[in-house]
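Overview (structure and organization)
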Amino acid sequence: MSESASGLIVAIMMLVCFGSLVAVMVLIFYVQRRARQARIRYCQGWAAHHGFQYWPEDLSVLGMSSQAPFSVGHSRTAMDVFRGKYRGLHLHFFHYRYRTGSGKNQRTHDWQVVAVSLPAARPLLDIDHENFLSKRLGKDIDFENQAFNDRYRVISASPRFAYDVIHPRTMEWMLSDYRALANRWRFEGPWLMTMRSGALDLDHVMHFADFLVDVRSQVPDHVWTY
């Protein structure tokens, strides 16, 4: 076989490989687009059935918090954003996504965020769970209940707000309620919110909404007047 013929075959093979790659990329894009369209239709139906407003994308909710996971990564977006009234409070929930790294090292991170409105804006109060690492990374707010201190990590720039919200009765509730023991939540500005890693799950999202409403009901009324 001549050198020119060999070169022609190599060129044809390269074109075939390139064409196959383009075809695969187009197919992946098509499948993802169809899946997204199906998801939007499902969410629209769910919202109409349950009395919520729905937006396929709404970046305004990204300003709900200045703390992680809202403060990390890049290419942040909010999808499948729902708003409505629930048990007398404004309720928002959505699928939050951001990316870290770039190129082959790029990773996509998905979070479910659920938030209920507060009567007044208040300082950040972040309630998480203690673990081996968190006990060594920095000091949080201590309470008189040592069992509570061993279980929970409480961060706030306003100890007064923290102590008013997490009073002895609430501490006992937090040590016995399985939802409190399993979830992280946060007061920030006019919102009380909870976040978990993973996509928005409409089959169970109201479970988190009920939890937040119950947390809100534990807060004394005078907290909203100072």
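In this report, we go over the structure that sits alongside the text. Quantities reported herein were computed from a predicted structural model and do not represent experimental measurements.

1. With respect to the environment of threonine 170
You can see threonine 170 is positioned in helix α5 (residues 168-176). For the pair threonine 170 and valine 219, spaced 49 residues apart in sequence, the C-alpha separation works out to 8.2 Å. Excluding its chain neighbours within four sequence positions, the residues that come into contact with threonine 170 are Val165 and Gln218.

2. A short note on the side chain of asparagine 183
Relative to the helices and strands, asparagine 183 is located in the loop between α6 (178-182) and β6 (184-197). For asparagine 183, a relative accessible area of 10% corresponds to the buried category. Polar side-chain contacts of asparagine 183 include one of 2.9 Å to the backbone oxygen of arginine 179. Not counting residues up to four positions away in its chain, the partners in contact with asparagine 183 are His129, Thr194, Phe208 and Phe211.

3. Quick notes on the layout of surface pockets
Put simply, the largest pocket is a space of about 210 Å³. Lining the largest pocket, in full, are Arg36, Arg39, Pro56, Glu57, Thr77, Met79, Asp80, His95, Arg97, Ala199 and Leu200. Residue assignment for the lining of the largest pocket shows that the elements contributing at least two residues are α1 (3-50), β1 (53-57), β2 (74-86) and β3 (89-100). It is β2 that contributes the most residues to the lining of the largest pocket, three residues altogether. Partitioning the lining of the largest pocket into residue classes produces four nonpolar, two polar and five charged.

Cut-offs used in this document
- Residues numbered from 1 in each chain as written.
- Predicted model: local features only at pLDDT ≥ 70, side-chain atom pairs only at ≥ 80, totals over all residues.
- Heavy atoms only, no water.
- Helix = DSSP H or I, 4+ residues; strand = E, 2+ residues; numbered from the N terminus.
- Contact = heavy atoms within 4.5 Å.
- Buried < 20%, exposed > 50% of the residue type's maximum accessible area, 1.4 Å probe, protein only.
- Polar contact = N/O pair within 3.5 Å; in protein donor to acceptor, adjacent residues only side chain to side chain.
- 1 Å grid on protein atoms, 1.4 Å probe; cavity = no way out; pocket = protein on both sides within 12 Å on 5 of 7 lines; lining within 4 Å.
- Points joined across faces, edges and corners; volume = space filled by probe spheres on them.
- Nonpolar A, V, L, I, M, F, W, Y, C, P; charged D, E, K, R; others polar.

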